Amino acid sequence: MSLSSASPDSTARITHRHIEVFRAVMTAGSVTGAAQLLYTSQPTVSRELARMEQLLGYALFERVQGRLRANARALLLWDEVQRSWQGLERVVERAQELGRPQAAHISVLSLPALSHALLPGALAQLYRQHGAVAVSVATQEGPMLQEWMAAQRFDLGLTEQAEAPPGTRSLALPAMDEVAVLPVNHPLAAKPLLRAEDFAGQPFISLARDDPYRLQIDAVFARAAVARLLQLETHSAVAVCAMVQHGLGVAIVNPLTARACAGPQLVVRPLAFSVPFQVHALLPLHRPSDAAVQWLLEALVQESHRFALGA
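What comes next concerns the included structure.

**Considerations on the overall build of the protein chain**
So, step 1. Check the secondary structure of the protein chain and you find eleven helices and 14 strands.
So, step 2. Against the 2.2 N^0.38 benchmark of 19 Å for 311 residues, the protein chain shows a C-alpha radius of gyration of 33 Å, more extended than a compact globule.
So, step 3. Along the three orthogonal principal directions, the C-alpha set of the protein chain runs to about 105 × 35 × 30 Å.
So, step 4. Of all 311 residues assigned to the protein chain, the portion counted as buried reaches 41%.
So, step 5. Residue pairs in contact within the protein chain that sit at least 24 positions apart in sequence constitute 74% of those at least 6 positions apart.
So, step 6. Roughly 16,300 Å² of accessible area belongs to the protein chain as shown, and the carbon and sulfur atoms make up 55% of that amount.
So, step 7. A distance of 6 Å separates the average location of the 26 positive side-chain charges in the protein chain from that of its 26 negative side-chain charges.

The following block contains the structure:
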């Protein structure tokens, strides 16, 4: 029975080896050349190629004076093999890249305030210590941040909440103290350290009433029996600093935002009393972790410690 009239074998399929042989023949242009590419014998290549044609039920080559000539079907198959092979080569390249630090990729989900105050310095340290690492940063507020981290969508999360959402673990970074922010020409700016009594009668810009740090700050002034002028409040520490820059009052905010906003119109001063501020890193429990995530975590610890020391 001729090959053209044979039916494909219904119980066997062509294998990757058959495709490899076909590709070698098309690349080399001959069975002899294909055998050299595959480090095998010419009879082995001929046998594998004939078996492939038998399994397909049609010929791929014409035999002309002892040489193979690809027919139309072979050329169409060759196009598909080339595309697939490029994809396979890309897989191999990617597998090799993953072993190099510069090919690592970290996805970070952060509170907006932390993405512009703590994270940039940590990334700078990461790059100095380990070279370039690809990092993508997304920002989200508390409730949605917790939900996205629980869904294992990111390699690392940065939040102010100590409680870890389901499917994550929480690591506390070094604690810092809240600081005072003042308009640059404010009389209190001349003092190197501010006590609760210094704020008596001062227009004071507060965080929102339900903010946990607002509650702690208010408790400090209540214990000291210090009355401030409470006229402005906002949920954002960045907004607080912007209002201070415009001379609308003084405030107490976290040291990260304070130092990120410090400049010609805003100065930062330490407090004689402590209002602890702490950032927590969230790590997913069910998402594969890259070594670069640990590097970034170490850099975040170093950067937090630097802020804690007032550097």
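**Let's talk about the pattern of salt bridges**
Opposite charge on two side chains permits pairing when their charged atoms draw close.
So, step 1. The tally for this structure, following the rule as stated, stands at eleven salt bridges.
So, step 2. The salt bridge involving Glu 20 is made with Arg 17; its shortest N-O contact spans 2.9 Å. Placement of the pair is Glu 20 and Arg 17 together in helix 1 (residues 16-28), with a separation of three residues, close to one helical turn.
So, step 3. Take Glu 20: its relative accessible area is 26%, and that puts it in the partly exposed class.
So, step 4. In this structure, Arg 214 engages Asp 218 in a salt bridge whose closest nitrogen and oxygen atoms are separated by 2.7 Å. With a gap of four residues between them, Arg 214 and Asp 218 both fall in helix 8 (residues 212-223), about one helical turn apart.
So, step 5. Exposure remark for Arg 214: the relative accessible area of 6% places this residue in the buried category.
So, step 6. What you see here is one network of salt bridges that share partners, running through Arg 209, Arg 214, Asp 218, Arg 228 and Glu 233.

**Notes on the sheet that holds strand 3 (residues 105-110)**
So, step 1. If you trace the five strands from one edge of the open sheet to the other, you get 4-3-5-14-6, paired in mixed fashion. Looking at strand neighbours, the two that pair on one side only are strand 4 (134-139) and strand 6 (168-172), the edges of this open sheet. Each strand of the sheet is rotated relative to its neighbour by a mean of 25 degrees, with strand direction disregarded.
So, step 2. Of the strand pairs in this sheet, strand 5 (residues 156-159) and strand 14 (residues 280-284) are connected by three bridges, and their pairing is antiparallel. Looking at the pairing, Gly 157 lines up with Leu 282 of strand 14.

**Some words on the sheet that holds strand 12 (residues 266-269)**
So, step 1. If you trace the three strands from one edge of the open sheet to the other, you get 11-8-12, paired in antiparallel fashion. The open sheet has two edge strands with one neighbour each: strand 11 (251-253) and strand 12. Direction aside, neighbouring strands of the sheet carry axes that sit 35 degrees apart on average.
So, step 2. Relative to strand 11, strand 8 (residues 179-183) runs antiparallel, the two being bridged by three bridges. Within strand 11, the position partnered with Val 179 by the bridge is Val 253.
So, step 3. Along the sheet, helix 9 (residues 237-245) makes contact with strand 8, strand 11 and strand 12, crossing strand 11 at roughly 150 degrees.

**What about the packing of helix 1 against helix 3 (residues 42-56)?**
So, step 1. Running from N to C, helix 1 and helix 3 point in directions that differ by 115 degrees, and their axes come no closer than 9 Å. When the axis of helix 1 is compared with that of helix 3, the two are roughly perpendicular. In terms of crossing hand, the pair formed by helix 1 and helix 3 is left-handed. Of helix 3, the residues touching helix 1 (which contributes Arg 17, His 18, Ile 19, Val 21, Phe 22 and Val 25) are Val 45, Glu 48, Leu 49, Arg 51, Met 52 and Leu 55.
So, step 2. Split into classes, the residues belonging to the contact of helix 1 with helix 3 amount to eight nonpolar, one polar and three charged.

**A short note on the nonpolar core**
So, step 1. Counting residues in hydrophobic clusters, the biggest one holds 48 residues, and the most contacted among them are Leu 156, Leu 158, Val 181, Leu 256, Val 279, Leu 296 and Leu 300.
So, step 2. Sort the elements by how many residues they give to this core and helix 11 (residues 291-308) lands first, with eight residues.
So, step 3. With near-sequence residues (within four places) excluded, Leu 300 lies in contact with Leu 118, Leu 119, Ala 122, Leu 156, Leu 158 and Leu 173.
So, step 4. Val 31, Val 45, Leu 60 and Phe 61 belong to the second-largest nonpolar core, a separate cluster that totals 19 residues.

Rules used in this analysis
- Just so you know, the residues in each chain are numbered from 1, in the order the chain's sequence is written.
- Selection of residues for local features in this predicted model requires a pLDDT of at least 70, selection of side-chain atom pairs for listing and counting requires 80 or more, and totals for whole chains, interfaces and linings are taken over all residues.
- Note that the side-chain values use all heavy atoms of the structure and ignore hydrogens as well as water.
- The helix count covers DSSP runs of H or I at least four residues long, the strand count covers runs of E at least two residues long, and both are numbered beginning at the N terminus.
- Radius of gyration: C-alpha atoms only; globule rule: 2.2 Å multiplied by the number of residues to the exponent 0.38.
- Residue burial is assigned from relative accessible area. The probe radius is 1.4 Å, only protein chains are included, and a residue is buried under 20% of its type maximum, exposed over 50%, and partly exposed in between.
- Should any heavy atoms of two residues lie within 4.5 Å, those residues are counted as being in contact.
- Reported accessibility uses the Shrake-Rupley method at a 1.4 Å probe radius. Residues are deemed covered only where the shown protein chains occlude them.
- Note that His is not counted, nor are the chain ends; the positive residues are Lys and Arg, and the negative ones are Asp and Glu.
- A charged residue contributes its charge at one atom only: NZ of Lys, CZ of Arg, CG of Asp or CD of Glu.
- Any Lys or Arg side-chain nitrogen located within 4 Å of an Asp or Glu carboxyl oxygen qualifies as a salt bridge.
- Any two strands with at least two DSSP-identified bridges between them are counted as paired.
- Angles run from 0 to 180 degrees between N-to-C directions of axes, and those axes are lines fitted to C-alpha atoms, restricted for helices to the stretch in contact.
- Roughly parallel covers angles under 35 degrees, roughly antiparallel covers those over 145, roughly perpendicular covers 65 to 115, and oblique covers all other angles.
- Should the near helix be turned anticlockwise from the far one by less than a right angle, the crossing is left-handed, and should it be turned clockwise, the crossing is right-handed.
- Polar here means any residue other than Ala, Val, Leu, Ile, Met, Phe, Trp, Tyr, Cys and Pro, which are nonpolar, and Asp, Glu, Lys and Arg, which are charged; Gly is therefore polar.
- To form a nonpolar core, buried Ala, Val, Leu, Ile, Met, Phe, Trp, Tyr and Cys residues must be joined to one another through side-chain atoms within 4.5 Å.

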